[in-house]
Each structure stands twice: as structure tokens, then as C-alpha cells.
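Analysis of the macromolecular model
What follows is the residue order along each chain.
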Amino acid sequence: MYLTIKETAEYLSLPETYVETLIHQNLIRYLFDGKVYLINKEQFNGHLDQLEKAKKQLDEWKSEPLPEDPDVKDED
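Structural notes, computed from the coordinates. (Residues numbered from 1 in each chain as written. Predicted model: local features only at pLDDT ≥ 70, side-chain atom pairs only at ≥ 80, totals over all residues. Heavy atoms only, no water.)

**Some thoughts on the overall build of the protein**
Counting its secondary structure elements, the protein contains 3 helices and 3 strands. For the protein, the N- to C-terminal ordering of α and β elements is β-α-α-β-β-α. Taken over C-alpha atoms, the radius of gyration comes to 22 Å for the protein, far larger than the 11 Å a tight globule of 76 residues would show. In terms of overall dimensions, the protein has a C-alpha envelope of 80 × 20 × 20 Å along the principal axes. At a minimum sequence separation of 6, the contacts of the protein that also span at least 24 residues come to 46%. A total of about 6700 Å² of accessible surface is found on the protein, and carbon and sulfur atoms cover 52% of it. On the protein, the mean spot of the 9 positive side-chain charges and the mean spot of the 17 negative ones are 12 Å from each other. (Helix = DSSP H or I, 4+ residues; strand = E, 2+ residues; numbered from the N terminus. Rg over C-alpha atoms; globule rule 2.2 N^0.38 Å. Contact = heavy atoms within 4.5 Å. Areas by Shrake-Rupley, 256 points an atom, 1.4 Å probe, with all protein chains shown as cover. Lys, Arg positive; Asp, Glu negative; His and termini not counted. Charge placed at Lys NZ, Arg CZ, Asp CG, Glu CD.)

**Brief notes about the nonpolar core**
Residues I5, A9, L12, V19, L22, I23, I28, I39 and F44 constitute the largest nonpolar core, which totals 9 residues. Contributions of two or more residues to this core are made by α1 (5-12) and α2 (16-24). (Core = buried A, V, L, I, M, F, W, Y, C linked by side-chain atoms within 4.5 Å. Buried < 20%, exposed > 50% of the residue type's maximum accessible area, 1.4 Å probe, protein only.)

**Focus on the packing of aromatic side chains**
Inspection of the entire model under this criterion finds 2 aromatic pairs. For the pair Y30 and Y37, a centre-to-centre distance of 5.3 Å together with 70 degrees between the ring planes defines the contact as edge-to-face. Residue classification places Y30 among the partly exposed residues on the basis of a relative accessible area of 33%. Taking relative accessible area as the criterion, Y37 reaches 23% and is therefore assigned partly exposed. Both rings, one in F32 and one in Y37, keep their centres 4.6 Å apart while their planes meet at 40 degrees; by these two values the pair is tilted. Of the aromatic side chains, those joined through ring pairs into one cluster are Y30, F32 and Y37. (Phe/Tyr/Trp six-rings, centres within 6.5 Å; stacked < 30°, edge-to-face > 60°.)

Structure (C-alpha cells):
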């Protein structure tokens, strides 16, 4: 499925100008039909999957209790 720049920006939650910059830097694949840049939506699936995995790992890390500090009970 192909998206326009505006649709891609909404899909990725990025500003349209940033998506245009990525196109001009050849960092994302696109087709240009003479009027409109068309961007294949499937190329972002791997990135979005990795982003979700990283968020899940961060949430697990945040919910992990802190270990008790061994120096707290040390009375000199």
C-alpha cells in the first residue's frame, strides 16, 4: 500500500517536512509519479516492530524493583 507524504507523516507521527527531508536524503524508499511522492507503507513495519519491542523492554525494566542496597544496613 502506498501513502502520500501527508499520510506517511500521520502514520509515523512525524512532521511532513521531516518526511520530505528523509525522501530528499534517500533514507526512505519512494516513487515519484510526476506529481506526488508515493511511499510504500510496508518498509516501516520492521522499524515499528522494533520500536514496540523497545517500549515493552523499557516498561519491564521500569517495573522491576530496585535491589536493596547492602550499605544501608552497615552500621559503623
